[in-house]
Amino acid sequence: MASDGDGKGRIATAPGGGYGYGYGYGGYEGPEDRKWWPWLVPTVIVACIAVFVVEMYENNCPKHGSQFGGCVAGFLRRFSFQPLRENPLLGPSSSTLEKMGALDWNKIVHQNQGWRLISCIWLHAGLIHLVVNMLSLLFIGIRLEQQFGFVRIGAIYLLSGFGGSVLSALFLGNNISVGASGALFGLLGSMLSELLMNWTIYSNKAAAIITLLFIIALNLAIGILPHVDNFAHIGGFATGFLLGFVLLARPQFSWMERHELPQTNQPPKYKAYQYILWVVALVLLLVGFVISLVMLFKGKNGNDGCHWCHYLNCVPTSKWKCNT
């Protein structure tokens, strides 16, 4: 993506397109399937597209110019893109992204602009970045919203995006970051915890868990490439994973068929292990948010207490460096 004033920048990339296999991976088709009409996910997609249009309008490449050459797609005039040397994703300059609310540790901590932890979720570094993220959201989010409704999926999406932003701010330092991928990884994490939470009602358990773990590992591995904000991915995934235990528990089959059983033999709605996972996940989620936010607004750098954590975000090789 385009760089900030220090020549650095990060994007949160979307999970790979392999999610199109559908959410019914575990062989479960319960009576709650497709109960809700999905409207939230399409609304989020439209909102992100609208924000990107505003980004390009505000950027106005022909007026502000660039030291890297002429604007790309000049026929778009005000909406033309920055030179590819500056932003290969076909988008605005980093100064425009920063102006519109990109994640910036200095501004969050020293200028009391905590709102950037949310605003950065709606920004994208370029047209390519936007298209990849929105296609991923379409494949992942529609099915989840159909099964669990807009309230739960909306909460997972926003809180995961926020969690990804917090972890990113703690570790990225002077880099800026934009993108919805922390939120998208949160939806992926919730899929995994939903499978574990409702383990007893799924068939083909082994295939389901192997498929999800492979996709998770693949996408997190992609995140160690340069200029990709893997901390947003990890933070979003961890938040969504815990939220899945809290919000996506399914009642047992016996409870859903309770009307056919004697009144004296009514089964519990959830199993004991589901209640235990719910409590543990909620406690971990609250403690994690409190500790992370306290560290962030005290100006702590996560790398000071974890000298190897930077490898989670980028692994240097003979082909690339991580500090450029």
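Summarised in this report is the structure supplied together with it. Owing to the predicted nature of the structure, the values given are computational and were not obtained by experimental measurement.

A closer look at the state of the cysteines
Logical step 1: In the structure shown here, the tally under the stated rule is one disulfide.
Logical step 2: Between Cys61 and Cys71 runs a disulfide, and the two sulfur atoms are separated by 2.0 Å. Here the disulfide of Cys61 and Cys71 is left-handed, its torsion about the S-S bond being about -95°. Remark: Cys71 occurs in the loop between helix H2 (61-64) and helix H3 (94-100) and Cys61 occurs in helix H2; sequence separation between them is ten residues.

Focus: the pattern of salt bridges
Where charged atoms of side chains with opposite charge meet at close range, the side chains can pair.
Logical step 1: Under the counting rule described, the total for this entry stands at four salt bridges.
Logical step 2: For the salt bridge of Glu58 with Lys99, the shortest nitrogen-to-oxygen distance reads 2.4 Å. With Glu58 in helix H1 (residues 40-59) and Lys99 in helix H3, this residue pair connects regions lying 41 residues apart in the sequence.
Logical step 3: Accessibility expressed as a relative area gives 29% for Glu58, which makes it partly exposed.
Logical step 4: A salt bridge links Arg250 to Glu194, with the nearest nitrogen and oxygen atoms 2.8 Å apart. One end of the pair, Arg250, is in the loop between helix H9 (230-247) and helix H10 (253-256); the other, Glu194, is in helix H7 (residues 181-197), with 56 residues separating them in the sequence.

Section: a nonpolar patch on the surface
Logical step 1: Residues Ile49, Val53, Tyr57, Phe75, Leu76 and Phe79 make up a contiguous nonpolar surface patch of roughly 570 Å² in combined accessible area.
Logical step 2: Here Leu76 lies in the loop between H2 and H3.

Brief notes about the packing of aromatic side chains
Logical step 1: Taken as a whole and judged by the stated rule, the model has seven aromatic pairs.
Logical step 2: Both rings, one in Tyr270 and one in Tyr275, keep their centres 5.8 Å apart while their planes meet at 90°; by these two values the pair is edge-to-face.
Logical step 3: The class for Tyr275 is partly exposed, based on a relative accessible area of 46%.
Logical step 4: Joined through ring pairs, the aromatic side chains of Phe237, Phe241 and Phe245 make up one cluster.
Logical step 5: Lying over the aromatic face of Tyr57, Arg78 brings its terminal NZ or CZ to 3.7 Å of the ring centre.

Digging into the nonpolar core
Logical step 1: One finds Leu117, Leu137, Tyr157, Leu187 and Leu296 to be the most contacted residues of the largest nonpolar core, which totals 61 residues.
Logical step 2: At the level of elements, H1, helix H4 (105-110), helix H6 (127-172), H7, helix H8 (205-222), H9 and helix H11 (272-297) are the ones that each hand at least two residues to this core.
Logical step 3: In terms of residue count, H6 provides more of this core than any other element does, 16 residues in total.
Logical step 4: Not counting residues up to four positions away in its chain, the partners in contact with Leu296 are Trp105, Ile108, Val109, Leu117, Ala169 and Leu170.
Logical step 5: Formed by eight residues, the second largest nonpolar core is a distinct cluster that contains Ile11, Leu89, Leu123 and Ile176.

The rules behind the values
Residues numbered from 1 in each chain as written. Predicted model: local features only at pLDDT ≥ 70, side-chain atom pairs only at ≥ 80, totals over all residues. Heavy atoms only, no water. Disulfide = S-S within 2.5 Å. Helix = DSSP H or I, 4+ residues; strand = E, 2+ residues; numbered from the N terminus. Salt bridge = Lys/Arg side-chain N within 4 Å of Asp/Glu carboxyl O. Buried < 20%, exposed > 50% of the residue type's maximum accessible area, 1.4 Å probe, protein only. Patch = residues over 30% accessible without salt bridge, like charges linked within 9 Å, V, L, I, M, F, W, Y side chains within 5 Å. Areas by Shrake-Rupley, 256 points an atom, 1.4 Å probe, with all protein chains shown as cover. Phe/Tyr/Trp six-rings, centres within 6.5 Å; stacked < 30°, edge-to-face > 60°. Lys NZ or Arg CZ within 6 Å of the ring centre and 35° of its normal. Core = buried A, V, L, I, M, F, W, Y, C linked by side-chain atoms within 4.5 Å. Contact = heavy atoms within 4.5 Å.

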